[in-house]
Amino acid sequence: DVSANYVITAVAGKLTINPRPVTVTAQNESFFYTGEAQSWPEYDVDGLVGNDAISAVVTGSITFPNESPVTNVLTSYQFTAGTPGNYKVTTANGQLTMTKASVPITITAASDAWTYDGSAHSNTAVTVTSGSLLPGDALVANATGSVTNVSETAVGNTIAPGYKVMHGTEDVSANYVISTQAGKLTIKPKAVRS
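Model, not experiment: these values are computed from the prediction.

All right, on to the nonpolar core then. Tyr33 and Tyr176 are the most contacted members of the largest nonpolar core, which totals 20 residues. Mapped onto this core, the elements with two or more residues apiece are strand S8 (94-99) and strand S9 (103-109). Of all the elements, S9 adds the most residues to this core, at four residues. Ignoring anything within four residues of it in the chain, the contact list for tyrosine 33 reads Thr63, Phe64, Pro65, Met98, Thr99, Ala101, Leu134, Asp137, His167, Val172 and Asn175. Counting ten residues, the second largest nonpolar core, distinct from the first, contains Ala26, Phe79, Tyr87 and Val89.

Put into structure tokens, the structure is as follows:
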């Protein structure tokens, strides 16, 4: 042992643990139009060690296809296990998209009947007679037929151009495959006593 030949000064070293990078990312998701708001609260966490865990809140929402893409916002996160100081957390938003639906429906103009009285008669009602509208959607349509005489009974009660399906103030007609059907307006002969 030759230590006695040295003047030894002990200097402590420094051991550093750098924060581990972690990414919390809101997931992307695509939907078909259903007439209702769609959300996707799922997220991915990359970089955690062992049993450490993060819980996050994601709040994106999309209702109509023409809104695509909508940001799927990662609004907050918190550690549910582990020491937050051991990590450097980066967050990222996702995207929500929506595709048009192709719902087949048939819309039919009203059929109606009256006894001849010399006046013109009409019934502007139009209803969905096959298939069904998605929640919150409403048909906007009018029939244009009019009959006065018995001989005009064969005239169809046709649906006026420009019919559409609305969801509040949003035109959602593009989500439907619409077939139209005319109704029948009938004038019955008036009985006359001799």
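Another aspect to go through is unusual backbone geometry. Cis geometry marks the peptide bond from serine 68 to proline 69; its omega dihedral reads -10°. Along the polypeptide, proline 69 turns up in the loop between strand S4 (53-58) and strand S5 (70-72).

This part takes up the packing of aromatic side chains. Evaluated as defined, the whole model comprises two aromatic pairs. When the centroid spacing of 6.2 Å and the interplanar angle of 25° are considered together, the rings of tyrosine 33 and phenylalanine 64 count as stacked. Taken as a pair, tyrosine 33 in the loop between strand S2 (29-32) and strand S3 (43-46) and phenylalanine 64 in the loop between S4 and S5 lie far apart in primary sequence, 31 residues in all. Assessed through its relative accessible area of 12%, phenylalanine 64 is described here as buried. Ring geometry for phenylalanine 79 and tyrosine 87: centres 5.5 Å apart, planes at 25°, overall stacked. Both residues of the pair, phenylalanine 79 and tyrosine 87, belong to the buried class.

Turning our eyes to something else, we now look at the sheet that holds strand S11 (residues 126-130). Two orientations exist for strands paired in a sheet by backbone hydrogen bonds: parallel and antiparallel. Read across the open sheet, the three strands follow the order S11-S9-S16; overall the sheet is mixed. Both outer strands of the open sheet, S11 and strand S16 (176-181), are each paired with one neighbouring strand and no more. Put simply, the sheet's adjacent strands are angled 35° from each other on average, direction ignored. Where S9 lies against S16, six bridges are found, and the strand directions are parallel. The partner of isoleucine 107 across the bridge, within S16, is threonine 180.

Let us look at the sheet that holds S2. What the three strands build is an open sheet, ordered S2-S8-S5; its pairing is mixed. Only two strands of the sheet have a single partner each, and these edge strands are S2 and S5. On average, adjacent strands in this sheet sit at an angle of 30° to one another, irrespective of strand direction. As judged from the four bridges shared by S2 and S8, these two strands associate in the parallel manner. When the bridges of S8 are listed, phenylalanine 32 appears paired with threonine 99.

Cut-offs used in this document
Residues numbered from 1 in each chain as written. Predicted model: local features only at pLDDT ≥ 70, side-chain atom pairs only at ≥ 80, totals over all residues. Heavy atoms only, no water. Core = buried A, V, L, I, M, F, W, Y, C linked by side-chain atoms within 4.5 Å. Buried < 20%, exposed > 50% of the residue type's maximum accessible area, 1.4 Å probe, protein only. Helix = DSSP H or I, 4+ residues; strand = E, 2+ residues; numbered from the N terminus. Contact = heavy atoms within 4.5 Å. Phe/Tyr/Trp six-rings, centres within 6.5 Å; stacked < 30°, edge-to-face > 60°. Pairing = 2+ DSSP bridges. Axes fitted to C-alpha atoms, helices over the stretch in contact; angles between N-to-C directions.

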